[in-house]
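# Summary of structural features
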Amino acid sequence: MKPLNPVVFRSLRNFNYRLWAAGAFVSNIGTWMQRTAQDWLVFVVLTPHNGSVLGTVMALQFAPHFLFLPWTGIAADRFNQRKLLMFTQGSMGVLGIMLGLMTVGGIIQLWHLYVFAFLFGSITAVDAPVRQTFVSELVGESDLSNAVALNSMSFNAGRFIGPAVSGLLIASAGTGWCFLINGFSFLGILASLLFLRKNELNLSGRASRRRGAFTEGLRYVRGRPDLVAILLMLFFIGTFGLNFPIFLSSMGIRVFHADATRYGFLSSVIATGTIVGALVNAGYDRIQFRHLVVSAGVFACGCAAAALSPDYVFFAASLVVTGAAAMFFTNATNSLMQLSTTPVMRGRVMALRVAVAMGTTPIGAPITGWVADNIGPRWAMGIAALSGLAAAVAGLMASSFNRKQGKYQDDT
């Protein structure tokens, strides 16, 4: 492998990116506080440690990524991305405050949470591809890979802080305050979007409004063997490997009997790994396909170690490896797909990526939750290990096939 580039934080030289990163970091902390509180509310407060119900909540939250796929990518390609982000981020803030008020008021029920999960997921389905492609408007093509990695680093720094704070707050005041704090944390990213230097944005061409725009995007991807291979690898890991709320809840609470504080700590531990993965990713000037194969294999090993953990400490340590590999893999798919896609198609391609990476959760999460409930949490982690192995094998096979066909060259 090439040595890491020492200029890991080079995107921060850009004023607009610095402003965006600051606002996003505040919001990321709130987002992870809410995710931790939501999982605790479902798994401990509203159900008797029911992994299947938690899987259902996850399915409702991620199903819109697939349901609304024909429109989300087109929106990212067609509309002003800054204004669209202000709408989606503001909407999520309002939902967070509403959920917090209902929880603090003691009126929250499981069906309410189902509704909120679907609403959050519907807005996120629009927000995610826009937020990912908006990075190119902030920094341009030259620093895009670095900015994607730094975005993930910020997201997972929030993952490091948010769950730990959430665990303490749940133990002392209850889950509702975590939702309220998350709702108000969106003010940070809204402020950053408002004060961006619009004349310094690297605006790309917008797609025209016409029928068949979505199918045009599908044809574009179908004609790109490299993109198809990446999406296949994402399908395996996204469907069965990234169900961390179920893994942490079932393993942490049922196997190692963690309380709210120790449960929150597990989320912070896995965030440590994801920050490491994002840092390593940010140091590369150019991500290659072979990096996907290696990181998928390391992810499989980390999940296998977690499944076989003899105690809480070993389990926490294995999460560092798992988190680092997962983050490097997902960041690498993001960078490779954006940099190799024509700008006018980028929103649709990234919407498809998000749909495969997150929209397959309605398939994998209920299955993983059922396995955790009926066979055992360790077997659920074993499924995640197999998903990483399947992705690595698929990547090796696709790379070998496409190299023989002359479709693309890589040094896997």
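All values reported here derive from a predicted model rather than from experimental measurement. (Residues numbered from 1 in each chain as written. Predicted model: local features only at pLDDT ≥ 70, side-chain atom pairs only at ≥ 80, totals over all residues. Heavy atoms only, no water.)

## A word on the packing of aromatic side chains
One pass over the full model with this rule turns up four aromatic pairs. Note that Arg-197 overlies the ring of Phe-15, its terminal NZ or CZ placed 3.7 Å from the centroid. For the cation-ring pair, Arg-262 lies above Tyr-312, with the distance from its terminal atom to the ring centre recorded as 3.9 Å. (Phe/Tyr/Trp six-rings, centres within 6.5 Å; stacked < 30°, edge-to-face > 60°. Lys NZ or Arg CZ within 6 Å of the ring centre and 35° of its normal.)

## What to know about the nonpolar core
Formed by 117 residues in total, the largest nonpolar core has its most connected members in Tyr-17, Trp-20, Phe-134, Leu-138, Met-233, Leu-292 and Phe-315. It is helix 14 (residues 312–339) that provides the largest number of residues to this core, a total of 12 residues. The residue makeup of this core includes at least three contributed by each of domain 1 (14–200) and domain 2 (212–401). Non-local contacts of Met-233, meaning those with residues more than four positions away in its chain, are made with Phe-289, Leu-292, Val-293, Ala-296, Phe-329, Ala-391 and Gly-395. (Core = buried A, V, L, I, M, F, W, Y, C linked by side-chain atoms within 4.5 Å. Buried < 20%, exposed > 50% of the residue type's maximum accessible area, 1.4 Å probe, protein only. Helix = DSSP H or I, 4+ residues; strand = E, 2+ residues; numbered from the N terminus. Domains from an automatic or database assignment. Contact = heavy atoms within 4.5 Å.)

## Points about the domain arrangement of the protein chain
When its domains are assigned, the protein chain resolves into domain 1 (14–200) and domain 2 (212–401). The contact between domain 1 and domain 2 buries some 4300 Å² in all, and 69% of this surface belongs to carbon and sulfur atoms. Where domain 1 touches domain 2, the interface holds zero salt bridges. In this assembly, domain 1 and domain 2 are joined by one residue pair in polar contact (both at pLDDT 80 or more). Contributions of two or more residues to the side of domain 1 that touches domain 2 are made by helix 1 (15–46), helix 2 (51–62), helix 3 (64–67), helix 4 (69–78), helix 6 (110–139) and helix 7 (144–172). It is helix 7 that contributes the most residues to the side of domain 1 that touches domain 2, 18 residues altogether. (Buried area = accessible area lost by both parts, 1.4 Å probe. Salt bridge = Lys/Arg side-chain N within 4 Å of Asp/Glu carboxyl O. Polar contact = N/O pair within 3.5 Å; in protein donor to acceptor, adjacent residues only side chain to side chain.)

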